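Chain by chain, the residues run as shown.
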Amino acid sequence: MKVFVVGANGQIGKTIVQLLKESDTHEVRAMVRKQEQAEVFEQDGVETKVADLEGTVDEIAAAASGCDAVIFTAGSGGHTGPDKTLLIDLDGAVKTVEAAKKAGIDRFIIVSALQAHRRENWNEAIRPYYVAKHYADKEVEASGLTYTIVRPGGLRNEEGTGKVTIGENLERSAIPREDVARTVVAALDEENTFNRAFDLVSGDTPIKEALKTL
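Cut-offs applied
Residues numbered from 1 in each chain as written. Predicted model: local features only at pLDDT ≥ 70, side-chain atom pairs only at ≥ 80, totals over all residues. Heavy atoms only, no water. Pairing = 2+ DSSP bridges. Helix = DSSP H or I, 4+ residues; strand = E, 2+ residues; numbered from the N terminus. Right-handed = clockwise from strand over helix to strand, strands pointing away. Buried < 20%, exposed > 50% of the residue type's maximum accessible area, 1.4 Å probe, protein only.

Draft legend 1. How the structure looks around the pairing of strand E3 (residues 47–50). Here strand E2 (residues 27–32) pairs with E3 via four bridges, running parallel. Looking at E3, one finds that Arg 29 is bridged to Glu 47. Each parallel crossover has a hand, and the one from E2 via helix H2 (residues 35–43) to E3 is right-handed.

Draft legend 2. How the structure looks around the pairing of strand E1 (residues 2–6). In terms of residue burial, E1 counts as a mostly covered element, since five of its five residues are buried. Along E1, one buried face is formed by Lys 2, Phe 4 and Val 6 and the opposite face, lined by Val 3 and Val 5, is buried too. Pairing of E1 with E2 involves five bridges; the strand directions are parallel. Directly across from Val 3, in E2, lies its bridge partner Val 28. Considered for its hand, the β-α-β crossover made up of E1, helix H1 (residues 11–22) and E2 is right-handed.

Distances and angles like these do not, on their own, reveal function.
Following this line, the structure appears as structure tokens:
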């Protein structure tokens, strides 16, 4: 399938794009915000569209047109305030859901945050971030799309192990960004992940095997 990656220039996004580019079963189209970012991807042979999550639904839908699945891994980043978290992590995600429907795309995967579905377990230091993730996830669940919500723990830049723990209510822990990206790509056509949400941290089970336990 052809996969539209929103947030392609982020750390997880770049890895997802590379994994899809190397895949024998998927193609990739990256969405980025700036033309100079697009040029970097295109020099690497990656089809790219420039669109902004603060723009219109129609613009995002046009960028996604012709794709079969959407992966939303965009985020405002830790250096911005709650205003950008609201505009990107929440409204940007909702716009992308609306754009997917407008473009006739049914498969939708969103990268959320560990325990975003349980208010009592939110990290108080970044509460606005959790609020945004919580309600974005609710919109995804109510969208009618074939969704998967991946809720990773604390993100690390170390090399991935290819082994994870998946569950509905995991305690706070960490995971390499590479393993998050591999889990997202593996979930694309794993039917056990359809219309499911799960926490994700490092563990002892190979990713594909872990997904089959859902």
